[in-house]
Amino acid sequence: MRVLKFGGSSVGTPDAIRKVTKIVCDKKDNKGLVVVVSALRGVTDQLRDLALQAADGSEAYAEKLKEIEERHLETIRKLVHIQNQSDTLTRFKLEFNILEDVLQGVSLVREVTSKTLDFVMGFGERFSAMILAACLNDYGTKAEYIDARSMIKTDNQHGQARVLLDITYPKIRETLKGTDMVYVVTGFISSTGDEISTTLGRGGSDYTASLIGAALNTDQIEIWTDVDGMMTADPGKVKRAFPIREVSYEEAMEMSHFGAKVIYPPTIQPALRAEIPIWIKNTFNPEAPGTVIRKEVESTGRLIKGITSIDEVTLITIKGSGMIGVSGIAARLFSTLAKESINILLITQASSEHTVTLAVMPQHGAVAERVIKKEFSLELQENVIDEVQLEQKLSVIAIVGDNMRQIPGIAGRVFSALGRNGINIVAIAQGSSERNISFVVSRKDEAKAMNTLHDAFFLAGIKTVNLFLVGVGLIGGTLLQIIENQLEHLFEDYLIDMKLRGVANSESMVIRENTIPFSGWREVLEEDGQETSLADFVGTMKELNLPNSVFVDCTASKEVSKLYPDILNASISVVTPNKIANSSSQQYFDDLHSLAIKRNAAFRYETNVGAGLPLIATLHELVTTGDKLRRVEGVLSGTLSYIFNSFNGTKSFSEIVREAQKKGYTEPDPREDLNGHDVGRKLLILARVAGYKLEFSDLEIENLVPEGARGKGDVETFFKQLKEYDGDFEKLRKTAADDGKKLCYIARFEKGNGVVKLEVIDRDHPFYNLDGSDNIVALYTDHYQESPMVVKGPGAGANVTAGGIVADILRVANTQAYTNAG
């Protein structure tokens, strides 16, 4: 399956639609084709204006509406043979009548809500998709019109709704499963679970195409527009701009954020996650090579990849000598603007802390000024803040390129070129990724600045990460093997140079400034190792004082977890799958996170719950973006998942437990799994990450070890005792099975209460079809109330756990640390 998206310019006229039809017919093959279309050029803006006119009581909207109707009718007449027009004209008229009735209603009540506006603005895509499908069928290519609202489900944030991927992707796959036709899908529009129309924001048709491509795992996504690809600069401002052949996902995101209009910023995310290339092609010059956006691109040797701009921004500056050294100003500032859904385009702060400057879109300027003054009214009265200053008629310009991370002097070259041409810079910012240097200039200097820089640039940033690993058993050993296999990839693609400086097990350790080879660490530990002393290991690590040091704890040791405060206090980051620290006292949990913030160190523990599943980071991001966890339930033990998924009556319960032990799913003593404490610790960590305060003793945990088998005897004695209870477990299983149900050991947290127990679930339960040793977690939040966010996958295993640890290390390397959300 291949996905093509055609923008408004590509379907702006009957002639343009004929070109689209030819492109589609030429690309049709037996793999199937999805074509996403925008509204005819200008129609979306016209529909929005009509709705606002109708709400104002203006009669002029009716005349404009008639013009839109005639334009579409004329397009149908020119594209579809007369003998096939009747059905298309009828279908269009029925849809148009709905639009007409809605606008009539808006005119009568003199009000248009954001919900109504979304509904009205979506008709453009419905009309164009209907027409293109009819045109294709008329040309002999089997095509089916698909209203994207039936597939793409969102929250109710009208105007720029957030897509619910866990609902959307399955619906896309179910709807677009044929391979013998062309699906013509409406871009831009979507709907809530209640079938209320929403929109994906301007440029949302690109996003629609990317979502479909990711859901169907297509080979590529093609965005067809009216230029030959992404350009080195806006050709409307820089005449000598030329197409770029290859752009990385990261470069494309930077360029689209700062004004490159060829692609809509959110489009890149689904394609990036699925590693699907995105092609930018020209409908009116299909032979042109175009631009491909993908993970890996070949270097062109140029210092930068492109220059982009946002035509008009408003700059807000908060000044005050009383701000110097005062914490919390920025946090309050950002929180205040976030409450008003005001996006900050650029921010910069003087090292003196006397001023904070940020850029917003012009339509948000007045509101931003008002709410900032309200938030800081006391500071303004007491002269802690001197003024809140608003500057308009400004532009943001950004230079972007992956190569900027490698070559010093780029900023000097930029500012020197601008200075020589008398262009004043109002504010400057540079992203931590080093792919972007952005600055603010007067609106009148925008084109001059872009041409100056284009002429100047077109006619090493390596980060060493020093690893100190304690625990080189199954997980730790697998971790080192994965890093060894990825060393070249990490260096070449991400400029991350991994160095192993220390390694220790329970018996011996090696820690030194000279690197330890990832391929020969066992030999080094055997030949050069000294008796392990955790205090000496940590002390030497601190004395080495190497930049970007990361302590990795792959043990299950309480003694090692006690070292975290000392390590974090030395500004050394900690990455660990060891859940002991985070499941001990609430005070210790809070202290670790506070210390990490205080010392600017990372404390990463994604693998505490669900091995490599993205649970901790996902939950943290939900909370930090304003969501609130209301309930979490899940199967959090790969061991118990395997046991109860395998307990189907063919073997006794004790046999299944022994089988799980032999396969390595259980601890050496299965009682440590069956007592439920491990599951309880995982539930406790999830609740704490969500911001709840509670202790392990607050949890209600059902112990699956029968009372008669809870003695201190050895494992074989335990199995003999457990066998005596096989009848009891079989009775539970059979009772459930007779009712079409099954047993499932579920952890649940809701309203401050945590419960871990064996439950009977029916076929409608989302956990019923869980297989093997998989974990599954359902997060019910304010944003995910009726349909929870579900994360499912292997919850145990050396490879997935070690992979999750590597991911945490890379997040630390990229300064993406997180701390407790509470």
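Let me begin by describing the structure that accompanies this report. (Residues numbered from 1 in each chain as written. Predicted model: local features only at pLDDT ≥ 70, side-chain atom pairs only at ≥ 80, totals over all residues. Heavy atoms only, no water.)

**With respect to the overall build of the protein chain**
Phase 1 of the analysis: The helix and strand inventory of the protein chain stands at 29 helices and 29 strands.
Phase 2 of the analysis: Relative to a compact globule of 822 residues, whose C-alpha radius of gyration would be 28 Å, the protein chain shows 30 Å and is just as compact.
Phase 3 of the analysis: For the C-alpha atoms alone, the extent of the protein chain along its principal axes is close to 90 × 70 × 55 Å.
Phase 4 of the analysis: Counting across all 822 residues of the protein chain, residues that qualify as buried make up 53%.
Phase 5 of the analysis: Of note, the protein chain has its 92 positive side-chain charges centred 3 Å away from the centre of its 110 negative side-chain charges. (Helix = DSSP H or I, 4+ residues; strand = E, 2+ residues; numbered from the N terminus. Rg over C-alpha atoms; globule rule 2.2 N^0.38 Å. Buried < 20%, exposed > 50% of the residue type's maximum accessible area, 1.4 Å probe, protein only. Lys, Arg positive; Asp, Glu negative; His and termini not counted. Charge placed at Lys NZ, Arg CZ, Asp CG, Glu CD.)

**Some points on the sheet that holds strand S3 (residues 143–146)**
Phase 1 of the analysis: If you trace the 8 strands from one edge of the open sheet to the other, you get S3-S4-S2-S1-S7-S9-S10-S8, paired in mixed fashion. Both edges of this open sheet fall to S3 and strand S8 (246–248), since each of them pairs with a single strand only. Strand-to-strand twist across the sheet, computed as the mean angle between neighbouring axes with direction ignored, equals 20 degrees. (Pairing = 2+ DSSP bridges. Axes fitted to C-alpha atoms, helices over the stretch in contact; angles between N-to-C directions.)

**Concerning unusual backbone geometry**
Glycine aside, a negative phi is what most residues show, and trans is what most peptide bonds show.
Phase 1 of the analysis: For Phe-188, which is not glycine, the phi torsion reads 75 degrees and is therefore positive.
Phase 2 of the analysis: Structurally, Phe-188 can be placed in the loop between strand S4 (182–186) and strand S5 (189–191).
Phase 3 of the analysis: The backbone phi angle of Asn-383 is positive, close to 65 degrees, even though this residue is not glycine.

**Structural notes on helix H27 (residues 715–723)**
Phase 1 of the analysis: Those residues of H27 that fall on the buried side of the exposure criterion are Phe-718, Phe-719 and Leu-722. Looking straight down H27, one finds its buried side chains confined to an arc of 100 degrees; they lie on one side. Along H27, exposed side chains directed more than 90 degrees from the buried face belong to Lys-720 and Lys-723.
Phase 2 of the analysis: Looking at the buried positions of H27, the neighbouring elements they touch are helix H24 (653–662), helix H25 (671–674) and helix H28 (726–738).
Phase 3 of the analysis: Two or three places before Glu-716, at the opening of H27, Asp-714 has a side-chain oxygen 3.4 Å from that residue's backbone nitrogen. (Arc of directions from axis to C-beta. Contact = heavy atoms within 4.5 Å. Polar contact = N/O pair within 3.5 Å; in protein donor to acceptor, adjacent residues only side chain to side chain.)

**Topic: the nonpolar core**
Phase 1 of the analysis: Core analysis: the largest hydrophobic core is formed by 76 residues, its most contacted members being Phe-551, Ile-643, Phe-644, Phe-653 and Leu-674.
Phase 2 of the analysis: Element by element, the count of residues in this core is highest for helix H26 (residues 677–689), at 7 residues.
Phase 3 of the analysis: Counting 50 residues, the second-largest nonpolar core is a separate cluster that includes Val-80, Ala-129, Met-130 and Ala-133. (Core = buried A, V, L, I, M, F, W, Y, C linked by side-chain atoms within 4.5 Å.)

**Some details on the pairing of strand S16 (residues 436–442)**
Phase 1 of the analysis: Within S16, 6 of the 7 residues are buried, which leaves the element mostly enclosed by the surrounding structure.
Phase 2 of the analysis: Of the pairings in the sheet, the one linking strand S14 (residues 387–400) to S16 comprises 7 bridges and is antiparallel in character. Bridge assignment links Val-400 to a residue of S16, and that residue is Asn-436.

**Concerning the side chain of Thr-532**
Phase 1 of the analysis: Looking at the secondary structure, you find Thr-532 in the loop between strand S20 (530–531) and helix H18 (534–544).
Phase 2 of the analysis: Non-local contacts of Thr-532, meaning those with residues more than four positions away in its chain, are made with Asn-505, Ser-506, Glu-507, Ser-508 and Met-509.

**With respect to helix H22 (residues 616–624)**
Phase 1 of the analysis: Counting buried positions over the 9 residues of H22 gives 7, a clear majority of the element.
Phase 2 of the analysis: Those residues of H22 that fall on the buried side of the exposure criterion are Ile-616, Ala-617, Thr-618, Leu-619, His-620, Leu-622 and Val-623.
Phase 3 of the analysis: For H22, the elements touching its buried residues are strand S23 (603–604), strand S24 (629–635), H26, strand S28 (774–781) and strand S29 (789–794).

**Some words on the packing of helix H2 (residues 43–55) against helix H5 (residues 114–121)**
Phase 1 of the analysis: In the contact formed by H2 and H5, the axes pass within 9 Å of each other and the chain directions differ by 140 degrees. Viewed along their axes, H2 and H5 adopt a mutual orientation that is oblique. Here the hand of the crossing between H2 and H5 comes out right-handed. Contacts from Thr-44, Leu-47, Arg-48 and Ala-51 of H2 reach H5 at Leu-117, Val-120 and Met-121.
Phase 2 of the analysis: Residues belonging to the contact of H2 with H5 are distributed by class as follows: 5 nonpolar, 1 polar and 1 charged. (Parallel < 35°, antiparallel > 145°, perpendicular 65-115°, else oblique. Left-handed = near helix turned anticlockwise from the far one by under 90°. Nonpolar A, V, L, I, M, F, W, Y, C, P; charged D, E, K, R; others polar.)

**Thoughts on the environment of Ser-571**
Phase 1 of the analysis: Residue position: Ser-571 is located in the loop between helix H20 (564–569) and strand S22 (573–575).
Phase 2 of the analysis: Separated by 228 residues in sequence, Ser-571 and Asn-799 have C-alpha atoms that sit 29 Å apart.
Phase 3 of the analysis: Sequence-distant contacts of Ser-571, defined by excluding residues within four places in its chain, comprise Arg-599 and Ala-601.

**With respect to the pairing of S14**
Phase 1 of the analysis: Pairing between strand S11 (residues 306–319) and S14: 11 bridges, direction antiparallel. Along S14, the bridge assignment pairs Ile-307 with Ile-399.

**A few points about the packing of helix H3 (residues 60–79) against helix H6 (residues 123–138)**
Phase 1 of the analysis: Viewed as axis vectors pointing N to C, H3 and H6 meet at an angle of 10 degrees, and their least axial separation amounts to 10 Å. With respect to each other, H3 and H6 are oriented roughly parallel. When H3 is examined against H6, the residues His-72, Thr-75, Ile-76 and Leu-79 are found in contact with a partner set consisting of Phe-127, Ile-131, Cys-135 and Asp-138.

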